[in-house]
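# Chain and residue survey
Below, each chain spelled out in residue letters.
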Amino acid sequence: MRERPELETMKLELSTEQNLCQIELKRLEDELLSKLSAAEGNFLRDTALVEQLEYTKNAARHIHNKAVAAQENEIKTNEARDLYRPAAERAALLYFTIKELHNINPMYQYSLKAFNKVFLKAIARAPGDEDVSVRVLSLTEAITHSALQYTCQGLFQRDRLTFLTHTALQILLKRGFIEAQDLELLLRFPVEVCRSSPVSFLSSQAWGAIRSLSMLDAFRGLDRDVEGSAKRWRKLVESECPERERLPQDWKNKSPLQRLIILRAFRPDRMTYALRNFIEDTLGSKYVDVSRMAFEKCFEESNPSTPVFFILSPGVNPVKDVETLGLKLGFTADQGNLHNVSLGQGQEIVAERALRTAAKNGHWVILQNVHLLERWLGRLEELLDNTGSDAHSNYRVFLSGEPSSSSHEHIIPRSILENALKLTTEPPTGMNSSLHAALDNFTQDTLEMCFREQEFKGLVFTLCYFHTCVTERRKFGPQGWNHRYPFSNGDLTISASVLYNYLEANTKVPWEDLCYLFGEIIYGGHITDEWDRKLCRTYLQEFINPMMFEGELFLCPGFPAPPDLDYAGYHSYVDERLPPESPILYSMHPNAEIEFMTATSEALFKTLLELQPRDSSTGEGAAQCTEEKVKSVLDDMLEKLPEEYDLAELMSKTAERSPYILVCLQECERMNVLLAEIHRSLTELDLGLKGELSLSSDMEQLQTALFYDSVPESWSRLAYPSTKTLALWFSDILAQCRELDTWTQDFVFPAVVWISGLFSPQSFLTAILQSIARKNKWPLDRMTLSVDVTKKTKDDYGHPPREGAYIHGLFIEGARWDSSSGLLSEAVLKELTPAMPVLYIRAVPIDQQDARNTYECPVYRTKLRGSTYIWSFRLKTRHPPAKWVLAGAALLLSV
């Protein structure tokens, strides 16, 4: 009994151990399986990690390769871009140059959109080449030529050389071919005040320019060389084409631009030719010889959204060109697809209807004289935008308008001008072309319609010559006409009709009646100046007189009135017998052309200076440089500015109030007003430049005037008319103050009065009349001035005359005074405005004045003449007065 429990215990223990072993084995098996599973997971995880790392490495390697390739491509792109950069820079330079043209004339408006079209077409037209450098060069030249040609179509002839010169100078400056300092010197061109010249072949003004240049390092010693080698320099001055002559001595080795600077001092009248040669030699002839495209070729550049705008000139009708091209392309008024509207009051509705119809059906519309409807221009702007955006492909609009006389009067909307293809239309120039154009107003049938055929034909030809003279004479500026008048072909044709009617109605040619009708009514109806009316009347008296049928009438030297010819014969006579173009054809001296060319050159340089950026640098540095220049001029003027006159003290010096003393006091009073304004405005600007005052618009205008060496408007308004630069004008003001200082010291009448330095020369001349009238108790309204030209200069007189006055400071234009004979004589070539000797002015009764063999010579303040008229002096002459009237002879107080 005792063994069985033990066995059971043993069995139980054995069973327990067995269970424990199974449990342990199970545990070990599970642990092993767990470890095997973990090991397998780690293995799989490590394998994925390796694969991921490998993928990352490959991706990184690929990205690196891509980045390297991108960097290489960027380098190649930049290198290629740099190769094409010169073409891009040229296009940018051209655009900004063209964009500034509105400063010359507000009609010259150009947009980036329009320029882009020209730019892209130029690229398409440029010849291709595998060599990139050759391709870039062809692109640059194509862009330049296309831009110049496109722009020049819309510029007047007088402005084309300005634009081409400005463009060429900017290109050369960009390339580094010229120095900015030399360019500024050429444009500003300071002139020192000189009263005389040590060499006979140079004027005092030319010598002043040489003296100014001689103070600069690059031109040091020029004045000494001119005096020491006068014969060589005289050859240059007297040459017909000095721009092609080599400069004497070592001056020929100067840079081309420096040679231009020297030439401007010696021969300013040839600078337009010199500039053309300079541009042609440095850049090529294509930069100056930009030919005008035919209208048919220009038309190809237009489209429904790009109208054609004709900028009008007097005497030209561009509608004929449109109608001729329309007839060729099938657009005529008869077919109803060409609408021609001459704008005026009540025509707005007609024009709007025509634009809408044409846009829908693909017609052409001509709107003439858009400048006449100022209030409707805004509506026109909208119509052009609306109709051009979604119109028939054949739709075209042609506009015409006259430019305004000043930017303040400009009324044409900017967007119309920017989007339009602008074309200028100008009449032919020169006597030959203009005379043919005048004859073209008539036909053979016209010449044969009068029963007095011979007289009618001869008078019609003479009328054509007269018409050409009065129209072409305008190019000589104020010496030609005091004011520009809109003479047109209508005046000529109406005159011919009047001639026909009078010849038909009279048995004899009514010479006086015809001259009156032509000179006082038809052509004279345009004329507002009495001296211009006298000129017109003199032309007619010289041309239309019985001598023309006696074979003794010469229309100009070497060109007699033609015999009885047919229509074609007159054209042939002009081609065969008319002398070459010269002022002589208009009865003027050759100096008139030199003066005209000099004025043209001066105007060109003035415009070029205004078109230049204020400084070659940009940003703050440029502003500082501009302010430094202005500050230098400002400080110099404030330092030299004299004190105002104490009028109370002056009036207490003498109790006498003679006409002369009153004139002196009036001059001091006006000088005080001017000096006060100069001091006030300069002081304000000085504070503004220092930052102590805000710059107002008036101060900015003054700053601009000082920078460009021009007389500020606020000063000139208080002074007297002047065409001089600020430096020369201020020098005259200082000299005027010195004259007044001497006069007011003890109110002793000056020995010789500098009449050019008076604010009101008329008051002084009237004082002479009053003084002598009181002395002799003569009626003032029955007196006149008598003028005797002496043979002496100012320094030869030590005291004034017993009555009247000696005056100096006058110059003569269109003639000269021959001191040896004491007569008015033919001018000397290239002596444009010689100084007059001292004049003795006194008053005499009108009935005692001897007007025989004298020329009533007008006296003007400046070369601009016109409104600067002062008086008229009778000068002795052996020639008929008509010679000097036609020559435009006049006395000037300032040149």
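Residues numbered from 1 in each chain as written. Predicted model: local features only at pLDDT ≥ 70, side-chain atom pairs only at ≥ 80, totals over all residues. Heavy atoms only, no water.

## Brief notes about the overall build of the chain
- Check the secondary structure of the chain and you find 31 helices and 17 strands.
- On C-alpha atoms alone, the chain measures out to a radius of gyration of 42 Å, which is more than a quarter above the 29 Å that the 2.2 N^0.38 rule sets for 895 residues.
- The principal-axis extents of the C-alpha atoms in the chain amount to approximately 195 × 80 × 60 Å.
- A total of 895 residues make up the chain; the buried ones form 47% of that total.
- By sequence separation, contacts in the chain at least 24 residues apart represent 73% of the contacts at least 6 residues apart.
- Accessible area of the chain: about 45,700 Å², with a carbon and sulfur share of 51%.
- Across the chain, the centroid of the 98 positively charged side chains sits 3 Å from that of the 122 negatively charged ones. (Helix = DSSP H or I, 4+ residues; strand = E, 2+ residues; numbered from the N terminus. Rg over C-alpha atoms; globule rule 2.2 N^0.38 Å. Buried < 20%, exposed > 50% of the residue type's maximum accessible area, 1.4 Å probe, protein only. Contact = heavy atoms within 4.5 Å. Areas by Shrake-Rupley, 256 points an atom, 1.4 Å probe, with all protein chains shown as cover. Lys, Arg positive; Asp, Glu negative; His and termini not counted. Charge placed at Lys NZ, Arg CZ, Asp CG, Glu CD.)

## Examining the packing of helix 16 (residues 431–439) against helix 22 (residues 567–577)
- As a packed pair, helix 16 and helix 22 sit with axes 10 Å apart at the nearest point and diverge in direction by 175°. Considering the angle they form, helix 16 stands roughly antiparallel to helix 22. Contacts from N432, L435, H436 and L439 in helix 16 reach Y567, Y570, H571, V574 and D575 in helix 22.
- Of the residues in the contact of helix 16 with helix 22, the class split is 5 nonpolar, 3 polar and 1 charged. (Axes fitted to C-alpha atoms, helices over the stretch in contact; angles between N-to-C directions. Parallel < 35°, antiparallel > 145°, perpendicular 65-115°, else oblique. Nonpolar A, V, L, I, M, F, W, Y, C, P; charged D, E, K, R; others polar.)

## Points about the sheet that holds strand 4 (residues 396–401)
- The parallel open sheet is built from 5 strands, whose spatial order is 2-3-4-1-5. Looking at strand neighbours, the two that pair on one side only are strand 2 (338–342) and strand 5 (421–424), the edges of this open sheet. Sheet twist, expressed as the average angle between the axes of neighbouring strands with direction ignored, equals 15°.
- Bridge count for strand 3 (residues 364–368) against strand 4 is 4 bridges, and the pairing is parallel. In the sheet register, V365 faces strand 4, and the bridge partner there is V397.
- Contacts from helix 12 (residues 319–329) reach strand 1 (308–311), strand 2, strand 3 and strand 4, with the element oriented near 170° to strand 3. (Pairing = 2+ DSSP bridges.)

## Re the nonpolar core
- Counting residues in hydrophobic clusters, the biggest one holds 246 residues, and the most contacted among them are L367, Y465, F764 and F873.
- The element that contributes the greatest number of residues to this core is helix 26 (residues 659–690), accounting for 13 residues.
- F873 has contacts with L765, L785, V787, I807, L810, L839, I841, Y855, E856, C857, V859 and L891, leaving out every residue within four places of it along the chain.
- Within the second largest apolar cluster, 6 residues are counted, among which are A751, V752, Y797 and V838. (Core = buried A, V, L, I, M, F, W, Y, C linked by side-chain atoms within 4.5 Å.)

## Some points on helix 30 (residues 761–776)
- Between the first and last C-alpha of helix 30 there are 23 Å, a value that for 16 residues agrees with the 22 Å anticipated at 1.5 Å per step.
- Those residues of helix 30 not exposed but buried are P761, F764, L765, A767, I768, L769, I772 and A773.
- Positive backbone phi, at 55°, marks K777, one or two positions downstream of helix 30. (Expected span 1.5 Å × (residues − 1).)

## Considerations on the pattern of salt bridges
- Across all of its chains, the model carries 43 salt bridges by this definition.
- Its salt-bridge partner being R85, residue D82 comes within 3.0 Å of it at the nearest N-O pair. Taken as a pair, D82 and R85 lie in helix 1 (residues 3–99) at a separation of 3 residues, close to a single helical turn.
- Since its relative accessible area comes to 44%, D82 is described here as partly exposed.
- Looking at R85, the relative accessible area reads 37%, which means it is partly exposed.
- In this structure, R264 engages E602 in a salt bridge whose closest nitrogen and oxygen atoms are separated by 3.0 Å. Of this pair, R264 sits in helix 9 (residues 256–266) while E602 is found in helix 23 (residues 591–611), placing the two residues 338 residues apart along the sequence. (Salt bridge = Lys/Arg side-chain N within 4 Å of Asp/Glu carboxyl O.)

## Points about the packing of aromatic side chains
- Inspection of every chain in the model, using the stated rule, returns 37 aromatic pairs.
- When the ring of W233 is compared with that of F266, the centres are 4.7 Å apart and the planes differ by 10°; the resulting orientation is stacked. Of this pair, W233 sits in helix 8 (residues 230–238) while F266 is found in helix 9, placing the two residues 33 residues apart along the sequence.
- By relative accessible area, which is 0% here, W233 ends up buried. (Phe/Tyr/Trp six-rings, centres within 6.5 Å; stacked < 30°, edge-to-face > 60°.)

## Observations concerning unusual backbone geometry
- A positive phi angle, close to 55°, is found at Q249, a residue other than glycine.
- Of note, Q249 is situated in the loop between helix 8 and helix 9.
- Look at Q249 and you get partly exposed, because its relative accessible area is 24%.
- Even without glycine at this site, K830 takes up a positive phi of about 75°.
- For K830, a relative accessible area of 31% translates into the label partly exposed.

Function cannot be read off these values alone, since they describe shape.
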